[in-house]
Amino acid sequence: MKYVTWLAGLGVLLLVASDVQADTATAFQQGRDAAAGGAAATGAINGTGATTHIPGYNDAPQEAGLWRDGKVNLSGDGLGKQAGCTTASTNGFGGQECNAINFLGGSRPEYPLENNDAIFNTSKGITKDNGSLIAGLTGGNGTGGCVTVETTIPGLDKVERCEEWLEPVDKRCPVGRVVNVDADANYQCDQTLNAYESLSCDEAGVNCTVTGQELKCVPVSKQCISWGSSCCMVHISCNGNAATISHNDCCGYSVTTTVSNINNFVSGVSYNPAGAKITCSTSGSCSMSFENYYCSNPSVSIGSYANVNSFNLNTKPIFTCLTGGGCEGLEARTR
């Protein structure tokens, strides 16, 4: 009874194996037939039919515009793609691209390579003498047009000098003598270059006359207005032919004015902020005017008053002297 059962099981196993071999042979034959009819397969993956037969196929990907004949720096686009994949879905077939980008841009382990690493040592021989290493490749003889050159002569320093000579040239130019004729000179060019003359004059006839007079400073202290308060005063002090005017008003202001020449009083000199003046004649008679103002704004006059006070300055004569005897011309020539 057991023997019969084993035979039955063996028969089932053989039946199943036979069915699998039959299916494999059928699929293989179908593939062979599809390959033999290449036109049909090509038509399925070209054109618009490729969209339904090839997963993820796109005949207008967004990256197509980035190449532009290979003349564009793609680093910016690459960084943008890397940033976009950090939040994009990585599921399914469409997410495999971002899976790869995230892996490459993620925290991968770093392997430091030293100068004597084996990967560099292996390539040193190739870069140093590649002729023997590529001998026989693709039918060549291994020369490759490469020549081993060893330089042992150091660089030489070269010093170059240049010199420039200026040829001496004898150049001459005439210099003429310019003679200025003076009516008073003893002009004797035909005798000598240096001429001597003896002239004399008489200073006996000196004639001096008074041609005018000028003011002479006198110290003065006067009230701004003869009938006003003594809190407003004008003081004049002397320093040679110069004068200093000091003005104090009832508001508490003090103004000092310097007059370089006492004769400036002839044209009038202001002494208070609002423009009050002291004016003198050439004979020394001086008259004062007054400009009133508010203490809050002393530079603006609110009332003008003429001849509010007066005083006198001294005078001194101005002399003009003339000498006779013909000495004036000699004096002019010796200055």
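Throughout what follows, the structure given in this document is the object of discussion. It should be emphasised that the depicted structure is a prediction, and the values quoted were computed from it without experimental measurement.

Observations regarding the overall build of the protein
Right, on to step 1. Helix and strand content of the protein: eight helices and 10 strands.
Right, on to step 2. A sequence separation of at least 24 residues applies to 41% of the contacts in the protein between residues at least 6 apart.
Right, on to step 3. For the protein, the exposed surface amounts to about 26,000 Å²; the carbon and sulfur share of it is 55%.

Description of the sheet that holds strand 8 (residues 285–292)
Right, on to step 1. Strands sit in the order 6-7-8-9 across an open sheet of four strands; the sheet is antiparallel. Each edge of the sheet is formed by a strand with only one pairing partner; in this case those strands are strand 6 (269–270) and strand 9 (303–312).
Right, on to step 2. Bridge analysis of strand 6 against strand 7 (residues 277–280) gives two bridges, and the strand direction is antiparallel. The residue of strand 7 that forms the bridge with V269 is I278.

Quick word on a nonpolar patch on the surface
Right, on to step 1. Taken together, L113, I119 and F120 make up a surface patch of nonpolar side chains, about 280 Å² in accessible area.
Right, on to step 2. Its location among the elements puts L113 in the loop between helix 5 (96–105) and helix 6 (118–128).

Quick word on the state of the cysteines
Right, on to step 1. Scanning the model with the defined rule gives six disulfides in all.
Right, on to step 2. A sulfur-sulfur separation of 1.7 Å characterises the disulfide bridge that pairs C231 with C250. Between C231 and C250, the S-S torsion sits near 80°, and that sign places the bridge as right-handed. Placement of the pair is C231 in the loop between strand 2 (220–223) and strand 3 (233–239) and C250 in the loop between strand 4 (242–248) and strand 5 (254–259), with a sequence separation of 19 residues.
Right, on to step 3. A sulfur-sulfur separation of 1.8 Å characterises the disulfide bridge that pairs C251 with C295. Handedness here is read from the sign of the S-S torsion; for C251 and C295, about -75°, the answer is left-handed.

With respect to the sheet that holds strand 5
Right, on to step 1. Taken in spatial order, the four strands make up an open sheet running 2-3-4-5, and their pairing is antiparallel. Two strands in the sheet have a free side with no partner beyond their single neighbour: strand 2 and strand 5. The mean angle between the axes of side-by-side strands here comes to 15°, regardless of whether they run parallel or antiparallel.
Right, on to step 2. Bridge analysis of strand 3 against strand 4 gives seven bridges, and the strand direction is antiparallel. By the bridge assignment, M233 is partnered in strand 4 with N248.

Notes on the nonpolar core
What tends to happen in soluble globular proteins is that the nonpolar side chains get buried as a cluster.
Right, on to step 1. Counting residues in hydrophobic clusters, the biggest one holds 25 residues, and the most contacted among them are I236, I245, F265, Y271, I278, F311 and L313.
Right, on to step 2. Secondary structure elements with two or more residues in this core: strand 3, strand 4, strand 7, strand 8 and strand 9.
Right, on to step 3. Top element by residues in this core is strand 8. It accounts for three residues.

Thoughts on the side chain of N309
Right, on to step 1. Its place among the elements puts N309 in strand 9.
Right, on to step 2. Given the relative accessible area of 13%, N309 is considered buried.
Right, on to step 3. There is a polar contact of 3.0 Å between the side chain of N309 and the backbone oxygen of Q223.
Right, on to step 4. Residues contacting N309, with those up to four places away along its chain left out, are K222, Q223, I225, S226, S287 and M288.

What to know about the packing of helix 4 (residues 75–85) against helix 5
Right, on to step 1. Put simply, helix 4 and helix 5 touch, their axes get as near as 9 Å, and they point 105° apart. Comparing their axes, helix 5 and helix 4 come out roughly perpendicular. Contacts between helix 4 and helix 5 involve K81, Q82 and C85 from the first element and E97, C98, I101, N102 and G105 from the second.
Right, on to step 2. Tallied by class, residues from the contact of helix 4 with helix 5 come to three nonpolar, three polar and two charged.

Rules used in this analysis
- Residues numbered from 1 in each chain as written.
- Predicted model: local features only at pLDDT ≥ 70, side-chain atom pairs only at ≥ 80, totals over all residues.
- Heavy atoms only, no water.
- Helix = DSSP H or I, 4+ residues; strand = E, 2+ residues; numbered from the N terminus.
- Contact = heavy atoms within 4.5 Å.
- Areas by Shrake-Rupley, 256 points an atom, 1.4 Å probe, with all protein chains shown as cover.
- Pairing = 2+ DSSP bridges.
- Patch = residues over 30% accessible without salt bridge, like charges linked within 9 Å, V, L, I, M, F, W, Y side chains within 5 Å.
- Salt bridge = Lys/Arg side-chain N within 4 Å of Asp/Glu carboxyl O.
- Disulfide = S-S within 2.5 Å.
- Axes fitted to C-alpha atoms, helices over the stretch in contact; angles between N-to-C directions.
- Core = buried A, V, L, I, M, F, W, Y, C linked by side-chain atoms within 4.5 Å.
- Buried < 20%, exposed > 50% of the residue type's maximum accessible area, 1.4 Å probe, protein only.
- Polar contact = N/O pair within 3.5 Å; in protein donor to acceptor, adjacent residues only side chain to side chain.
- Parallel < 35°, antiparallel > 145°, perpendicular 65-115°, else oblique.
- Nonpolar A, V, L, I, M, F, W, Y, C, P; charged D, E, K, R; others polar.

No statement about biological role is implied by the geometric values presented.
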